[in-house]
Amino acid sequence: MTSPARRTLHLNAFLMSTGHHEASWRLPESNPFANTDVAHYQRLAQTAERGHLDSIFFADSPVLWNDIGRRPSGAIEPTVLLTAIAAATSRIGLIATASTTYNDPYNLARRFASVDHVSGGRAGWNVVTTAGPDAARNFGLDDQPAHRTRYERAAEFLDVAQKLWDSWDDDAPTGDKASGRWGDNDRVRPIDHVGTHFRVRGPLNLPRSPQGHPLIVQAGSSEDGKAFASRYAEAVFTAHQTVDDARGFYADLKARTAALGRDPDGIKILPGIVPVIGSTEAEALRLEAELDELIRPEYAVAQLARTLRLRPEDLPLDRELPADLPAEDEIEGAKSRYTLIVELARRERLTVRQLIGRLGGGRGHRTFAGTPEQVADALEEWFVAGAADGFNIMPAVLPSGLEAFVDHVVPILVRRELFRADYTGTTLRDHYGLPRPVNRYSDAEASPQAVTA
């Protein structure tokens, strides 16, 4: 009798221009124009692949994120960027963010299927619903749709996309030179979807991709977000400050997933962590302090005020947050992140100055400064405690922070048998230990969980 395989970590590298710390671009080592430098991102992806990480990930939004005086602003559309990275790598998974609020299912299903073909089966889609009135105004709307409406649309959007990915049988293309018939028309069908938000006939104008469906990732932690994730997500990026909060979220989402008839191990939960790594703890703390000292408070306070629905003048730097803040149910966008920030400030009695320092590195994600051993200990603690299946690694500074993690933390995790020493598969689904979905149309026996619906 063989013993069960040891549970190991899944690691994703969340890449953001010069790093996640908002002042990272001001360091002497940083290229302040890295946000539009394709070669920069190709090198980062190669570094992550050298460490055998599961995947890299790019956030995105159909709006200019912040005051361009604050940090490098503007981003290459991520599915376009991933095709360039695919050509420079061979194994690392490639995950991009795309909004269900401001796209149409046919175009987006085709785009992600295309990335999966280009990369040989390494594509993943981080499904977001996009909050904020600024984005809405870029698409002819006066304000964002309501929170619940955005998630209802997202559910139908993803349902349509999955149907389109299944509109070709795997063996529809035959390439039969002898008969002169390239493909079998009987193995391609329209989906004839008619719903509340979309009418899509199909089929997709692209054969089924190597993974069948790109990996589905989700990042919302509100009630609607958790309901959506438990139904659709195969990996979840989340933000927590304490192991107890992370463990509670983990148990809740796994239980919701099981209640829908899905295997709870079919959804991988990856909290974000911003590691600042030094050869000694003192060096790591010095690097963190150096970054925090470079924050421009006027920009940070303006951003915090927008998040809290306040005016900047309501947030004196050396006082705690005002006692009277909007309740979460009054917030239409990014509900879970709003609550996390307020609870962090209240729990630790932080002044506004201290809070913007804490948020400057990870925007609410856990930050940790220490030696490689201490970073590995921090990851192992949450993993063993049942708070995570892995982590969304968010280096404070790039490329040095990712290089330090790959060269010094990953080997420790490998020695502890907590992470792979080499890739064992070729697709993103292989890396996450997830099956290739069967085609809902060609296999009448397909179970709901097999097709991730």
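Read on for a plain summary of the structure.

Rules used throughout
- Residues numbered from 1 in each chain as written.
- Predicted model: local features only at pLDDT ≥ 70, side-chain atom pairs only at ≥ 80, totals over all residues.
- Heavy atoms only, no water.
- Helix = DSSP H or I, 4+ residues; strand = E, 2+ residues; numbered from the N terminus.
- Core = buried A, V, L, I, M, F, W, Y, C linked by side-chain atoms within 4.5 Å.
- Buried < 20%, exposed > 50% of the residue type's maximum accessible area, 1.4 Å probe, protein only.
- Expected span 1.5 Å × (residues − 1).
- Arc of directions from axis to C-beta.
- Contact = heavy atoms within 4.5 Å.
- Right-handed = clockwise from strand over helix to strand, strands pointing away.
- Pairing = 2+ DSSP bridges.
- Phe/Tyr/Trp six-rings, centres within 6.5 Å; stacked < 30°, edge-to-face > 60°.
- Salt bridge = Lys/Arg side-chain N within 4 Å of Asp/Glu carboxyl O.
- Axes fitted to C-alpha atoms, helices over the stretch in contact; angles between N-to-C directions.
- Parallel < 35°, antiparallel > 145°, perpendicular 65-115°, else oblique.
- Left-handed = near helix turned anticlockwise from the far one by under 90°.
- Nonpolar A, V, L, I, M, F, W, Y, C, P; charged D, E, K, R; others polar.

**Section: unusual backbone geometry**
- For the bond from Gly202 to Pro203, the omega torsion is 0 degrees, close enough to zero to count as cis.
- Its location among the elements puts Pro203 in the loop between strand E8 (199-200) and strand E9 (215-218).
- Residue Pro399 follows Leu398 across a cis peptide bond; omega there is 10 degrees.
- Checked against the element boundaries, Pro399 lands in the loop between strand E13 (390-393) and helix H13 (400-415).
- At His52, a residue that is not glycine, the phi angle is positive and equals roughly 60 degrees.
- Position of His52 relative to the elements: it lies in the loop between helix H1 (38-50) and strand E2 (55-58).
- For Arg309, which is not glycine, the phi dihedral falls at a positive 60 degrees.

**So, the nonpolar core**
- One finds Ile56 and Trp125 to be the most contacted residues of the largest nonpolar core, which totals 69 residues.
- Considering every element that reaches this core, the biggest residue donor is helix H5 (residues 147-165), with 9 residues.
- In this structure, Ala305, Leu308, Val342 and Val352 belong to the second largest nonpolar core, which totals 22 residues.

**Structural notes on helix H3 (residues 105-119)**
- Over its 15 residues, H3 runs 21 Å from end to end, which matches the ideal 21 Å to within 8%, given 1.5 Å per residue.
- Residues of H3 that are buried: Pro105, Leu108, Ala109, Phe112, Ala113, Val115, Asp116 and Ser119. Viewed end-on, H3 has its buried residues packed into an arc of 155 degrees, placing them on one side of the element.
- Looking at the residues trailing H3, positive phi occurs at Gly120, about 75 degrees.

**Thoughts on the environment of Pro271**
- Turning to its location among the elements, Pro271 is positioned in strand E11 (residues 268-277).
- Here Pro271 falls in the buried class, since its relative accessible area comes to 0%.
- Sequence spacing of Pro271 and His240 is 31 residues, and the spatial spacing of their C-alpha atoms is 6.6 Å.
- Those residues in contact with Pro271, other than ones at most four positions away along the chain, are Thr238, Trp382, Ala387, Ala388, Gly390, Phe391 and Asn392.

**Side note on the side chain of Thr238**
- By the element assignment, Thr238 lies in strand E10 (residues 235-238).
- You can call Thr238 buried: its relative accessible area is 2%.

**What about helix H6 (residues 223-232)?**
- Counting buried residues in H6 gives 7 out of 10 residues, a clear majority hidden from the surface.
- Listing the buried residues of H6 in full gives Asp224, Gly225, Lys226, Phe228, Ala229, Ser230 and Tyr232.
- Next to the buried residues of H6 lie strand E4 (123-128), H5, E9, E10 and helix H7 (243-259).

**A word on the environment of Arg110**
- In this fold, Arg110 is placed in helix H3.
- With near-sequence residues (within four places) excluded, Arg110 lies in contact with Leu204, Asn205 and Leu206.

**Considering the pairing of E2**
- Alternating positions in E2 separate into two faces, Ser55 and Phe57 on one and Ile56 and Phe58 on the other, with burial throughout.
- Regarding topology, H1 serves as the crossover connection from strand E1 (residues 10-14) to the parallel E2, and that connection is right-handed.
- In this sheet, strand E3 (residues 93-99) lies alongside E2 in parallel orientation, the contact comprising 4 bridges. Considered in E3, the bridge of Ser55 is made with Gly93.
- Crossover connection from E2 via helix H2 (residues 78-88) to parallel E3: handedness right-handed.

**Describing the packing of aromatic side chains**
- Summed over all chains, the structure comprises 10 aromatic pairs.
- Measuring from ring centre to ring centre gives 4.8 Å for Phe57 and Phe237, while their planes differ by 55 degrees; the resulting arrangement is tilted. Placement of Phe57 in strand E2 and of Phe237 in strand E10 is noted, with a sequence separation of 180 residues between them. Summarising the burial analysis for this pair, Phe57 and Phe237 share the class buried.

**Thoughts on the pattern of salt bridges**
- Inspection of every chain in the model, using the stated rule, returns 31 salt bridges.
- Residues Asp252 and Arg256 are paired through a salt bridge, measuring 3.1 Å at the closest nitrogen-oxygen approach. Here Asp252 pairs with Arg256, and both are found in helix H7, just 4 residues apart, close to one helical turn.
- Given the relative accessible area of 25%, Asp252 is considered partly exposed.
- Among the residues examined, Arg256 registers a relative accessible area of 23% and is labelled partly exposed.
- The shortest N-O distance in the salt bridge between Glu380 and Arg416 comes to 2.7 Å. Pair noted here: Glu380 is in helix H12 (residues 372-384) and Arg416 is in the loop between H13 and helix H14 (428-432), with a separation of 36 residues, a long-range link.

**Thoughts on the packing of H1 against H13**
- With their axes 9 Å apart at the nearest point, H1 and H13 run at an angle of 15 degrees to one another. As the angle between them shows, H1 and H13 are arranged roughly parallel. The way H1 lies across H13 gives a crossing that is left-handed. Here H1 contributes Leu44, Thr47, Ala48 and Arg50 to the contact with H13, which in turn contributes Leu402, Glu403, Val406 and Asp407.
- Partitioning the contact of H1 with H13 into residue classes produces 4 nonpolar, 1 polar and 3 charged.

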